Amino acid sequence: MTLDRLFVECSALGFQSVLTSTLALTCYVLWLRDRGSYFLTWSLAWALYVVRLAAMSAFLVRRDVFWLFVHQAMTGLSAALLLVAALQMAGDFKWRAWHLLAVPAIIAWSWIAIYNIESMVVAGVSSVVMLASVTILTGILLWRERNRLPGNGAKVLAWAFILWGVHHLDYPLLRRFGAAVLYGVFVDVIFLFAIGLGM
């Protein structure tokens, strides 16, 4: 990878990190104001998403597989928390101690996907299917709640998450064309703006 392309891709990821950090902070402030547990969960999910973006940047620069593992783990954890936040908003979720078992399970799967599955295509596709499924399910849960919540925020959130989940399915194709980072950041930023608007 050329230095210019690396600089552009890391700069794009940096911009997305700033936007996502703003979203995490906004959710935290909304939690302080409204005490809706889903805002705190969203805040944590977006914070982990920022760590995901930093890990991707580190992988692009160092080409150390460890950072790909961190990226994978943060992707799974942040996706799970986005789903939990939607369940909390719907009133269908209460934290239980056994829910914490998802954390080592996601980290273990990330380790297996990066270090044990010999084909990165197989590892990548399985992770993409999981990420897309969780994101689309988050949107469906929010769509189900759209009439219960005041305003149009839930509708905007639902559509943003559903379409974002569909977008996740194009990652393997984009990687083959070498356009995954820039195109992915561009599209992700549009969806993050929509999600921020919905919140």
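Residues numbered from 1 in each chain as written. Predicted model: local features only at pLDDT ≥ 70, side-chain atom pairs only at ≥ 80, totals over all residues. Heavy atoms only, no water.

Colleague: I'd like a rundown of the overall build of the chain, residues and numbers included.
Modeller: Secondary structure summary: the chain contains eight helices and zero strands in total. Along the chain, helices (α) and strands (β) appear in the sequence α-α-α-α-α-α-α-α when read from the amino end. Relative to its length of 199 residues, the chain is compact, with a C-alpha radius of gyration of 17 Å against a globular reference of 16 Å. If one aligns the C-alpha atoms of the chain with their principal axes, the spans along those axes are about 50 × 35 × 25 Å. Sorting the 199 residues of the chain into buried and exposed places 49% on the buried side. For the chain, long-range pairs separated by at least 24 residues make up 72% of all intrachain contacts whose partners lie at least 6 apart in sequence. Working note: accessible area of the chain is about 10500 Å², and carbon and sulfur atoms make up 72% of it. Computed over 14 positive and 9 negative side-chain charges, the separation of the two mean positions in the chain equals 8 Å. (Helix = DSSP H or I, 4+ residues; strand = E, 2+ residues; numbered from the N terminus. Rg over C-alpha atoms; globule rule 2.2 N^0.38 Å. Buried < 20%, exposed > 50% of the residue type's maximum accessible area, 1.4 Å probe, protein only. Contact = heavy atoms within 4.5 Å. Areas by Shrake-Rupley, 256 points an atom, 1.4 Å probe, with all protein chains shown as cover. Lys, Arg positive; Asp, Glu negative; His and termini not counted. Charge placed at Lys NZ, Arg CZ, Asp CG, Glu CD.)

Colleague: Describe empty space enclosed by the protein, naming the residues involved and giving the relevant values.
Modeller: Scanning all chains against the criterion turns up one cavity of 30 Å³ or more. When its volume is computed, the largest cavity comes out at roughly 60 Å³. Residue lining of the largest cavity: Y49, R52, T75, S78, A79, L82, L131, T135, W164 and H168, and that is the complete set. Breaking the lining of the largest cavity down by element, the ones donating at least two residues are α2 (37-62), α3 (65-90), α5 (120-144) and α6 (153-168). Tallied by class, residues from the lining of the largest cavity come to five nonpolar, four polar and one charged. (1 Å grid on protein atoms, 1.4 Å probe; cavity = no way out; pocket = protein on both sides within 12 Å on 5 of 7 lines; lining within 4 Å. Points joined across faces, edges and corners; volume = space filled by probe spheres on them. Nonpolar A, V, L, I, M, F, W, Y, C, P; charged D, E, K, R; others polar.)

Colleague: Which residues make up the pattern of salt bridges, and what values do they have?
Modeller: Between side chains of opposite charge, a pair can form as their charged atoms come close. Under the counting rule described, the total for this entry stands at four salt bridges. A salt bridge links R144 to E145; its shortest N-O distance comes to 3.8 Å. Looking at E145, the relative accessible area reads 8%, which means it is buried. Residues R148 and E145 are paired through a salt bridge, measuring 2.4 Å at the closest nitrogen-oxygen approach. (Salt bridge = Lys/Arg side-chain N within 4 Å of Asp/Glu carboxyl O.)

Colleague: Which residues make up α6, and what values do they have?
Modeller: Taking 1.5 Å of rise per residue, 16 residues should cover 22 Å, and α6 covers 22 Å from first to last C-alpha, within 8% of that figure. Turning to α6, its buried residues number three or more, namely G153, A154, L157, A158, A160, F161, I162, W164, G165, H167 and H168. (Expected span 1.5 Å × (residues − 1).)

Colleague: Explain the packing of α3 against α5 to me, and be specific about the residues and the numbers.
Modeller: For the pair α3 and α5, the least separation of the axes is 8 Å and the interaxial angle reads 15 degrees. Judged by the angle between their axes, α3 and α5 are roughly parallel. The handedness of the crossing between α3 and α5 is left-handed. Contacts from L68, Q72, T75, G76, A79, A80, L82, L83, A86, L87, M89 and A90 in α3 reach M120, S127, M130, L131, V134, L137, T138, L141, L142 and R144 in α5. Of the residues contributing to the contact of α3 with α5, the split by class is 16 nonpolar, five polar and one charged. (Axes fitted to C-alpha atoms, helices over the stretch in contact; angles between N-to-C directions. Parallel < 35°, antiparallel > 145°, perpendicular 65-115°, else oblique. Left-handed = near helix turned anticlockwise from the far one by under 90°.)

Colleague: Provide a residue-level description of α2, including the pertinent values.
Modeller: Between its terminal C-alpha atoms α2 stretches 38 Å, which fits the 38 Å expected from 26 residues at 1.5 Å a residue. Just downstream of α2, R63 is the residue with a positive phi angle, here 55 degrees.

Colleague: So what about unusual backbone geometry? Which residues, and what values?
Modeller: You will see that R35, though not glycine, has its phi angle at about 60 degrees, which is positive. Inspection of the secondary structure puts R35 in the loop between α1 (3-34) and α2. At R63, a position not held by glycine, the phi torsion is positive, near 55 degrees. You can see R63 is positioned in the loop between α2 and α3. Exposure remark for R63: the relative accessible area of 44% places this residue in the partly exposed category.

Read these as layout, nothing more, since geometry by itself doesn't imply function.
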